[in-house]
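# A look at the structure
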Amino acid sequence: MIRKVFFTIIALMAAYPLSGQEKMQEVLRSIESNNTSLAALRAGIEADQLANRTDIYLSDPEVGFDYLWGHPSPIGNRIDVSVSQTLDLPTISGMKGKVADRKNEMLRWEYESQRINTLTQAKLLLIDMIYYNRMRQELCLRQQTIDSIATAEKRKLDGGTGTIVDYNGVQLEQIAIAAEIQEIETERKATLATLEQMNGGKEVSFDCAEYEEIVLPIDFDSWYAESERKNPVLAYVRSEIEMNKQQVSLSRSLNLPSLSVGYMLEKTQGEHYQGISLGLSIPLWSTRNRVKQAKAAVAAAEARQEDAKIQFYGQLNILYQRVLGLNESALTYRKALTEADNSQYLKRALDVGEISVLDYLRQASIYYQFIDKAMSAERDLHKSHAELTSYTL
């Protein structure tokens with residue numbers, strides 16, 4: 001009887017793998033929508049994206065007007081009117097716009113990276129919640145069992161067939177289990193408060209005691225290739241490289257002269273002149289070292305990409321191996337709990353007087369410790385798997 005709740009939870013997890021997952025996804029969607037840090041980041045990125053596109057257009061046209069008084073007065077006055085527009089190749093060819101688009105793409109990947117980090121943190125907390133909910137159920141079952149034993153021992157003590165030593169031992173076990181329940185409930189409330197904080201201060205309800213189904217990739221390298229493609233950090237670095245390459249082209253084009261085209265009118269007493277005006281701006285000093293700097297930025301971004309790939313591969317490989325090991329550990333615990341369940345025999349032996357209550361408590365304590373380790377291993381497995389597959393959030 002002591003193990004029924006534990007195995008019932010395992011059975012429910014196998015029979016309804018999507019139930020807990022759906023509840024978890026509901027909470028994660030709420031956090032993504034209400035999280036104030038993500039909201040602030042979205043607002044900041046929107047402002048930065050607009051800023052990136054403010055300098056991609058032609059400069060404003062210039063209009064000039066001159067009114068000159070003649071001296072001596074008989075020569076009359078002079079009026080000059082001019083309109084001009086500067087034309088530069090980087091703007092006309094769209095190079096500035098392409099660089100701006102890449103910068104905005106980098107901002108989107110920056111947000112995606114932060115979003116995944118936030119949701120991964122929330123998912124780890126939800127896995128903790130599942131663990132606390134499962135432990136609470138398990139401890140409540142232990143409490144029911146020890147309460148029934150305590151009642152029986154009190155009856156024996158009052159009837160003169162029991163001993164105070166046995167009764168006190170049962171009472172101590174009652175107190176220990178009650179303290180464990182209180183500790184679990186405290187941790188559960190603290191975790192729930194953290195989730196509500198991440199949810200923008202809005203209430204979060206999560207009483208699920210079911211883990212989502214774990215599907216492990218068979219081949220790490222082929223699975224890694226898909227993970228690498230979706231990883232926002234690597235995508236950010238790829239966009240950074242492309243942006244810097246375009247920046248090299250833009251810097252080269254800035255070394256070319258820019259043309260100014262306009263119209264000019266000059267009026268004096270009895271005559272006037274009008275026609276087109278042309279101007280040429282030659283960048284002799286303002287663009288110095290820009291191409292070199294852009295090429296250096298490309299090299300630096302490529303170095304960061306190589307480092308990011310190595311780090312990402314190493315981290316995922318470590319997590320993958322850890323998940324495999326924890327999965328084997330969890331399976332071992334489950335098999336042992338199925339094949340070496342002494343709880344029914346212990347209770348039966350106690351009821352018929354084959355063992356003393358203190359012997360029962362010692363044997364039950366060993367088994368409870370094994371159950372606790374099994375539950376802890378299950379939680380560690382799911383948390384490591386959540387980190388391994390965080391890119392899917």
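### What about helix 7 (residues 220-230)?
Residues of helix 7 that are buried: Phe220, Trp223, Tyr224 and Ser227. Down the axis, helix 7 shows its buried residues gathered within 105° of arc, on one side only. Elements in contact with the buried residues of helix 7: helix 9 (290-339) and helix 11 (357-388).

### A look at the pairing of strand 4 (residues 271-281)
One ladder, built from 11 bridges, connects strand 3 (residues 258-268) with strand 4; its direction is antiparallel. Across the sheet, the residue bridging to Leu259 is Leu280, located in strand 4.

### Some remarks on the nonpolar core
If you look at the biggest cluster of nonpolar residues, it comprises 46 residues, and the most contacted ones within it are Leu195 and Phe206. Of all the elements in the fold, those that place two or more residues in this core are helix 2 (17-34), helix 5 (95-159), helix 6 (164-198), helix 9, helix 10 (343-351) and helix 11. In terms of residues, this core owes the most to one element, helix 5, which gives 15 residues. Phe220, Ala308, Leu316 and Leu326 belong to the second largest nonpolar core, which has 15 residues in total.

### Focus: the sheet that holds strand 1 (residues 62-68)
Within the open sheet, the four strands sit side by side as 1-2-3-4. Their pairing is antiparallel. At either end of the open sheet lies a strand with only one pairing partner, and these are strand 1 and strand 4. Pairs of neighbouring strands in the sheet enclose a mean axial angle of 15°, with direction left out of account.

### As for the pattern of salt bridges
A complete count under the given rule lists 19 salt bridges for this structure. One salt bridge connects Arg188 with Asp207, and the closest N-O pair in it is separated by 2.5 Å. Here Arg188 is found in helix 6, whereas its partner Asp207 is found in the loop between helix 6 and helix 7, with 19 residues between them in sequence. Classification of Arg188 as buried rests on a relative accessible area of 8%. Taking relative accessible area as the criterion, Asp207 reaches 52% and is therefore assigned exposed. The salt bridge partner of Arg362 is Asp359, with a shortest N-O separation of 2.2 Å. With Arg362 and Asp359 both in helix 11 and three residues apart, the pair spans about one turn of that helix. Owing to a relative accessible area of 31%, Asp359 belongs among the partly exposed residues under this scheme.

About the criteria used
Residues numbered from 1 in each chain as written. Predicted model: local features only at pLDDT ≥ 70, side-chain atom pairs only at ≥ 80, totals over all residues. Heavy atoms only, no water. Buried < 20%, exposed > 50% of the residue type's maximum accessible area, 1.4 Å probe, protein only. Helix = DSSP H or I, 4+ residues; strand = E, 2+ residues; numbered from the N terminus. Arc of directions from axis to C-beta. Contact = heavy atoms within 4.5 Å. Pairing = 2+ DSSP bridges. Core = buried A, V, L, I, M, F, W, Y, C linked by side-chain atoms within 4.5 Å. Axes fitted to C-alpha atoms, helices over the stretch in contact; angles between N-to-C directions. Salt bridge = Lys/Arg side-chain N within 4 Å of Asp/Glu carboxyl O.

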